[in-house]
Amino acid sequence: MFEKSLTDLIRGIRANKKNEQKYIAVCLQDIRNEVKSNDSDIKATAVAKLTYLQMLGYDMSWASFHIVEVMSSPKFIHKRTGYLAATQSFQQDTDVLMLTTNLIKKDLASPTALDIGIAVNGLSHIVTPELARDLCQDLVAMLNHSRPYIRKRVVLVLYKVFLKFPEALRLSFPRIKEKLEDPDPSVVSSVVSVICELARKNPKNYLSLAPQLFKLLTTSSNNWMLIKIIKLFASLTPHEPRLIKKLLPPLTSLIQTTPAMSLLYECIYTVITGGFLEAAGDASHALAMTCATKLRKFLEDADQNLKYVGLLAMGKLLLTHPRLVAEHKDIILECIDDDDMSIRIRALDLVVGMVNRKNTIDIVKRLVAHLSPVHSTTTPESLHEASTILDPVYRTDIVNRILFICGQNQYHNITNFEWYISVLVGMIYTSGVSVGESLKHHLMDVAVRVKSVREYAVKEMFRLLGDKQTLETAKRRDSNIEVLAAAAWVCGEYCNFLDDIPATLERLLTPYVVKMPMSVQIVYVQNIMKIYAYWVSELIPQWNAELQEEFVKVTHVMREKLQMFIQSSDLEVQERACNMKAIFDLILSSVEESAGEQAPPLLQGLPDLFFIYELNPVAPKAQKKVPIPEGLDLDAWINEPLPELVDDDDSDDGSHDGLPTETRTKRRSNKSKKAKAYSSDEDEEDRQQRRNARLEAIRNDPYYIASDKKDRRSRDQLLELEDDVDSIPIVTLSMDDIHTGSRKKKGKKQSTKKRRARLPTPPPPIYAEEEMPENAADSASDNDTSKKPTTYTKKNGRDIFATDEDQLHDVDLSKPLGEDEQFPQIQAYLSPEEVRRREELQARARRKEQRALSRQQENEPAKSSKKSSPKEGSSKSGKKEKKTKKESSTKKSKKSKKRDSGDHQEPPSMPPSLDDNVRHALADGQQTETKSPQSLFSNDQVDVSYTMELATDATDATDAKENPAVAIRFIVRNKTTDLMLPRLQLHFNESLDLKPMETKEGSELASVSETFEMQAGETIECMGVYQVQGGLVPDMVLRGELQYDVEGSYELHQHGLELRVPVSVFFLKSSTLDPASFASLLAEHGAEFEYQDSVTVQVPEDRDASVEQTLIRALASVSLTSGLHVVEVVPGAASLYAQSVNGAHVAGLLKYVLETEGDTPGLAATITVTLKSTDEEILKGIATLISSISVQ
């Protein structure tokens, strides 16, 4: 058959556009058959086609084993296809990766450089922690390869190995350090790249490389390597400031001489951000000027990338030398008009920091040009025309930047506020942006703060109120209709500058107002009344009958137009409109009743409601500077708390049922403490009658729904409010108490002046006086006039390329390698045939040993069996049998080593019953040995021992998690047989770790703090509870003292006690898990077990016990000492788990390996416990406990 090649597959897919899925399905079926072929060419072609289809989105995970087969092909072209397929399809959990270990080792040892290169490249993509651990030693050995090509690629792949197996970094770092002096520059460049990546998060580890890196910096001509070295030094200088003075001359030389723009930028960026300018001393300004001049070349270059990085470096230089950056304002402003949006944003960041009083207007004009398309045909001011199609988000950003530039430091950079008002009004019409709230705030703030601009602001706001374009687009999302609220407020607050008050009222009562937001309508209603009141104040001096008739007509019209506000769906708008209508009714009735020659008194007092005081801005620091009067104690009661108004016994309301009397009294007392003192002429009896009547009405009201017990808190608050109705103070209001001073009015202007042209130098603005508290003292911060350059920044999101490499960067390279630190010895996976062959050999050896043993027993003399008892004979026979088995096993092992010299030694098989015995021994031991007391102190007179356990009932549940407690039971025994101890006392002081607590009442045991009288030979027990302070930590120590008197002696015996509390005491006994739950916990919350450690325990050989008994005793000791519960026991390993009282989890994997006879004399087994925990301190404590185990 003729199989399709990869070219045929691609051509077929292109030719079957209409039924591509069907064609590919047929091809996939063919590929499934081809990968099973014994022909390596057909199989490699099938894998290549499958790789192409995988790039189109088709799954190829089912062919993982066939890919490994192609990878192992001796032909280079097939091997290349297999590695390519593996890099594209293999994941970290691909099961066939375990089969690639020996394959990759074989390719790494190939004499062909191409095979090695393919293997190294493929390993960099598919490396896993297991592959990294098994292959790191081979890779490090290849650093001495004769070909630079191989050395370079091996150095690069080691970085990927370090990410998966961080322990290899310490082991291979000396060899990598040697490669910095490699004769081939490409290898040195690779080493520098790897070190630069490793030093990103922990640069301090690589300070020892500074001399070699400095030598490369001054001698190398490879620009890309120099860039890496400079980046590396930039991360090292914060940890070693002395490097700055050493690096300053070569960096300055590179800045002045290098023609490479990439190297030049990196030098400049490092000088600016690395603190070199501060360390340059007198030459700092000259160096900064050189950097700014060089960066200008970047901005003038046609390459957009150079322009972008130039702006980025300019932004860093702006923070320290803003004046030098401002000298290049022209070229920076040109970048604002660039077509590249990223360059525009960077240029805008610079512009914000360059703003001052002189250039604010020019910069804002350039920014305003980006808010609308350019329609003029005149020559543009810049080299680039602003794009006519701009993103609304960009325009919104421009508006926010303009407001930020002009509003910073309370409009410090604005010299002409009339121009600023016109800019704000002009930005209202920017399409596609919604900045109404920001513009409203600035318009109102400027009008309040700057007195000289109020007249111009009122005119602009009057024009804005009648702008049809704004009114007709009120429903649009980008209409910025909120500015009309500022327009109405400014016209109402400073209505003395209005030229035509009736026209203003007419614009405020326009029918378009019903389309506006409710927040705008509220301001409209309020300021209609303010302008009307001011208009009334102007009419009062000219009042006559004709004017009264006209006034009544206008008032009637306004009253009728208020109906649209009264029908509003917003309650506040309705309320304000109804209040205004009521005021208009009062005014009309009072005017109709008046004689007509003089205004009614009601009209004369109307302006005082709105204009009696002048509105001034409040200083920013006014609240902080309010002085505290002498003799005022802010913590003391102003008035004594009111007495209880209602007795609990007098209240018949059922809503109080279920509440204790103390609780109700406390709540009412707290409410009364906050009430103000008041006086009333009514007696207590009248108040009590009204209160009872009100409560009776509530009970009989069918529409009053009482709440259930769940809403008891809300109900109690309601009842408190009802009970305190009579505590509301009654205040008598009098119009005589109000100051009747009138506001100074400005006469109506006779003629409208034309707007004058803006003068080159406008008069200085007149600011409104800021309100400050009386006797406010000046602070040093008020006189600080130094201004730092301000930058406009946005919050940056999380980097999508960020990776979690904390485990790698925690490796400490400052410590020298220890003798026990070596590369791990890999365990080669045997083929099924090899495993079967070894099992057959073991079975034959066992049968041979049994035959030899049976023959030996038959040849023993009958006398020896008669002399020895059956029991002794059995014991000796058992020992001899075991010894014979050991000897034969040793001989067999030696023969196997000679036969399989190239293979790795297989670990000895475990007895079939060992695992069951381990489980039963651990279960029995945990029940018995945990209760045995431990000795604390002993001498000829007294013996003190103790047991400890977690105190579950000493504290509440919340406190038990944060600060758990341990209960210690002390057992004190009088060892003398004829002497009494009349006075014995145990006293434990509070330490940094533990503090004593009071023993719970009703305890069966006496408290440890009591004094005891002990008869001869008497034993007493007492209890002490001690709470943890500051969290669980390893090696918590409780120190105390034992004092006692001996009968017939005047000597006081004092002995110091020291009791160590292990963290295993705080493990919950109920935290046992079955294997399924344990596996589910690690699968779902494995990422939370971020702390890990490993401990090794050596089990010595015991000649009086079997290896099995010795191992069981050692494993039981590990479990009992650490407090970890056994989850599951498998051949050669056991899983452990425990949970502490504060919620921390600890998981462990215990592995035990039996030592064969002769390998390590005196050693029976080696136990390795790998621990993982969610709490670092608990993990350290458990590791310390296990490492301190001494197996006897």
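Residues numbered from 1 in each chain as written. Predicted model: local features only at pLDDT ≥ 70, side-chain atom pairs only at ≥ 80, totals over all residues. Heavy atoms only, no water.

Concerning the overall build of the protein
So the rule is basically this: For the purposes of this entry, the term helix denotes a DSSP run of H or I that reaches at least four residues, the term strand denotes a run of E that reaches at least two, and both are numbered from the N terminus. Think of it in three bands: with a 1.4 Å probe and only protein chains considered, a residue is buried below 20% of the maximum accessible area for its type, exposed above 50%, and partly exposed in between. Should any heavy atoms of two residues lie within 4.5 Å, those residues are counted as being in contact. The Shrake-Rupley method, run with a 1.4 Å probe, gives the accessible areas here. Residue values count only the displayed protein chains as cover.
For the protein, the helix and strand inventory stands at 47 helices and 15 strands. Of all 1192 residues assigned to the protein, the portion counted as buried reaches 42%. Across the protein, the fraction of contacts at a sequence separation of at least 24, relative to all contacts at a separation of at least 6, is 73%. Carbon and sulfur atoms form 51% of the exposed surface of the protein, whose accessible area is close to 67,800 Å².

A short note on the nonpolar core
Heads up, the condition is: To qualify as a nonpolar core, a set must consist of buried Ala, Val, Leu, Ile, Met, Phe, Trp, Tyr and Cys residues joined through side-chain atoms within 4.5 Å.
Judged by nonpolar contacts, the single largest core of 224 residues is most densely connected at Y532 and F551. Considering each element in turn, this core owes the most residues, 13 residues, to helix α30 (residues 518-539). Setting aside residues up to four positions removed in sequence, F551 forms contacts with Y532, W535, V536, L539, W543, I587, V591 and L603. Listed in part, the 64 residues of the second largest apolar core include V966, L981, L1124 and I1178.

Concerning the pairing of strand β10 (residues 1052-1061)
Both faces of the sheet carry side chains from a regular strand, because those side chains alternate between them. Which entries qualify depends on this criterion: When DSSP finds at least two bridges between two strands, those strands are taken to pair.
As defined by bridge partners, strand β9 (residues 1036-1045) adjoins β10 across ten bridges and the pair is classed as antiparallel. Within β10, the residue paired with M1036 across the bridge is V1061.

Some thoughts on the environment of S1188
Spelled out, the test is: Polar contacts here mean pairs of N or O atoms no more than 3.5 Å apart (in protein, one a potential hydrogen donor and the other a potential acceptor; neighbouring residues in sequence count only if both atoms are side-chain atoms).
On the secondary structure map, S1188 appears in the segment after α47 (1176-1187). With 67 residues separating them in the primary sequence, S1188 and T1121 have C-alpha atoms 9.3 Å apart. Looking at S1188, its side chain comes within polar contact range of the main-chain oxygen of L1185, at 2.7 Å.

With respect to the packing of helix α14 (residues 242-257) against helix α15 (residues 261-273)
Axis angle and axis distance: for two packed helices, these are the angle between their axes and the distance between the axes, and together they describe the pair. Under the convention used in this document: Every axis corresponds to a line fitted to the C-alpha atoms, with the helix fit spanning only the stretch in contact, and the corresponding angles, defined between N-to-C directions, vary from 0 to 180 degrees. Note on terminology: angles under 35 degrees are roughly parallel, angles over 145 are roughly antiparallel, angles of 65 to 115 are roughly perpendicular, and the others are oblique. Each helix crossing is assigned a hand: it is left-handed if the near helix lies turned anticlockwise from the far helix by less than a right angle, otherwise right-handed if that turn is clockwise. Ten residues, namely Ala, Val, Leu, Ile, Met, Phe, Trp, Tyr, Cys and Pro, are considered nonpolar, four, namely Asp, Glu, Lys and Arg, are considered charged, and the remaining ones, Gly among them, are considered polar.
Taken N-terminus to C-terminus, the directions of α14 and α15 make an angle of 140°; their axes are 9 Å apart at the nearest point. In this view, α14 runs oblique relative to α15, as classed from their interaxial angle. When the axes of α14 and α15 are compared, the crossing they make is left-handed. Of the residues in α15, those in contact with L251, L254 and I255 of α14 are L263, L264, C267, I268, T270 and V271. The residue inventory of the contact of α14 with α15, partitioned by class, reads eight nonpolar, one polar and no charged.

Some remarks on helix α6 (residues 100-108)
Rules: Summarising the geometry, the arc corresponds to the directions from the helix axis toward the C-beta atoms.
Inspection of α6 places T100, T101, L103, I104, D107 and L108 among the buried residues, and these make up the whole buried set. Each buried residue of α6 sits inside an arc of 165° when the element is viewed along its axis, so together they form one side. For α6, the secondary structure elements touched by its buried residues are α4 (64-71), α5 (76-89), α7 (113-126) and α8 (129-141).

Let's talk about the pattern of salt bridges
Pairs can form between side chains of opposite charge once their charged atoms are near each other. Where we set the bar: By definition here, a salt bridge exists when the distance from a side-chain nitrogen of Lys or Arg to a carboxyl oxygen of Asp or Glu is within 4 Å.
For the structure on display, the rule yields 28 salt bridges. Here R449 and D445 are joined by a salt bridge, their closest N and O atoms 3.0 Å apart. With a gap of four residues between them, R449 and D445 both fall in helix α25 (residues 436-449), about one helical turn apart. Residue R449 shares its accessibility class with D445, and that shared class is buried. A salt bridge links R1039 to E1058, with the nearest nitrogen and oxygen atoms 3.3 Å apart. Note that R1039 is positioned in strand β9 and E1058 in strand β10, a separation of 19 residues in sequence. Through salt bridges with shared partners, a single ionic network connects R151, K179 and D182.

Regarding a positive patch on the surface
The criterion, for reference: Distance thresholds for patches are 9 Å for like charges and 5 Å for nonpolar side chains (Val, Leu, Ile, Met, Phe, Trp, Tyr), applied to residues having over 30% relative accessible area and no salt bridge. The positive count covers Lys and Arg only, the negative count covers Asp and Glu only, and His and the chain ends enter neither. Lys charges are placed at NZ, Arg charges at CZ, Asp charges at CG and Glu charges at CD.
Among the surface-exposed residues, R844, R846, R847, K848, R851 and R855 lie close enough to one another that they form a single positively charged patch. With respect to the secondary-structure elements, R851 resides in helix α40 (residues 832-859).

Quick word on the state of the cysteines
Test applied: Cysteine sulfurs are considered disulfide-paired once they come within 2.5 Å of each other.
This structure, assessed with the given rule, holds zero disulfides. For C495, which is in no disulfide, the shortest distance to another cysteine sulfur is to C491 and amounts to 9.0 Å.

A word on the packing of aromatic side chains
The criterion, for reference: Side-chain rings of Phe, Tyr and Trp (the six-membered ring for Trp) are treated as a pair once their centres are within 6.5 Å; stacked means planes under 30 degrees apart, edge-to-face means over 60, and tilted covers the remaining angles. In this scheme, the term charge over a ring applies when either NZ of a lysine or CZ of an arginine sits within 6 Å of the ring centre and within 35 degrees of the ring normal.
Under the defined criterion, the tally for this structure stands at 16 aromatic pairs. Where Y532 meets F551, the ring centres are 5.9 Å apart and the plane angle is 25°; that geometry is what we call stacked. Here Y532, found in helix α30, pairs with F551, found in helix α31 (residues 545-561); they are 19 residues apart in sequence, far enough to count as distant. In terms of burial, Y532 and F551 fall into one category: buried. Look at W543 and F551: their rings are 5.4 Å apart centre to centre, the planes differ by 70°, and that puts the pair in the edge-to-face class. Since its relative accessible area comes to 8%, W543 is described here as buried. Every member of this aromatic cluster is reached through a ring pair, and the members are Y532, W535, W543, F551 and F584. Cation over ring: R32 sits above W62, and NZ or CZ is 4.1 Å from the ring centre.

Comments concerning unusual backbone geometry
Although it is not a glycine, Y411 adopts a positive phi angle of roughly 60°. Y411 sits in the buried class, given a relative accessible area of 5%. At N480, a residue that is not glycine, the phi angle is positive and equals roughly 55°. Here N480 lies in the loop between α27 (468-472) and α28 (483-493).

Description of the environment of T1170
Note that T1170 resides in strand β15 (residues 1163-1173). Between the C-alpha atoms of T1170 and A1147, which are 23 residues apart in sequence, the distance is 8.4 Å. Leaving out residues up to four positions away in the same chain, T1170 has contacts with D1093, S1094, A1147, G1148 and L1149.

Quick notes on a nonpolar patch on the surface
A contiguous nonpolar patch, built from F65, M98 and L99 and spanning about 280 Å² of accessible area, is present on the exposed surface. Inspection of the secondary structure puts M98 in the loop between α5 and α6.

Describing helix α11 (residues 185-198)
Here is the rule we go by: To estimate the expected span of a helix, subtract one from its residue number and multiply by 1.5 Å.
With 14 residues, α11 should reach 20 Å at 1.5 Å per residue; the first-to-last C-alpha distance of 20 Å fits that figure. The element α11 is largely enclosed, with a buried count of eleven among its 14 residues. For α11, the set of buried residues is V187, V188, S189, S190, V191, V192, S193, V194, I195, C196 and L198.

A closer look at the sheet that holds strand β7 (residues 1011-1014)
What links the strands of a sheet is backbone hydrogen bonding, and the strands pair in either a parallel or an antiparallel sense. Here four strands make up an open sheet; going across it, the order is β7-β4-β9-β10 and the pairing antiparallel. Looking along the sheet, the strands with just one partner apiece sit at the ends: β7 and β10. Mean inter-strand twist for the sheet, computed between neighbouring axes without regard to direction, equals 25°.

Re the environment of H328
Tracing the sequence through the fold places H328 in the loop between α19 (322-326) and α20 (329-336). Judged by its relative accessible area of 9%, H328 falls in the buried class. Through-space distance from the C-alpha of H328 to that of T293 is 8.8 Å; in sequence the pair is 35 residues apart.

Some details on the side chain of S1173
Within the secondary structure, S1173 is located in strand β15. Setting aside its immediate chain neighbours within four residues, S1173 contacts E1088, F1089, E1090, Y1091, H1145, V1146 and L1179.

Some thoughts on the confidence of the model for the protein
Just so we agree on the cut-off: One confidence number per residue, pLDDT, is output by the predictor and ranges from 0 to 100.
Predicted confidence across the protein gives a mean pLDDT of 78, with 76% of residues reaching 70 or more. Below pLDDT 50 for its whole length, residues 707-759 participates in 56 contacts with residues either more than four positions away or in separate chains. Across residues 862-914, confidence stays below pLDDT 50; counting only partners more than four residues off in sequence or on other chains, it has 43 contacts.

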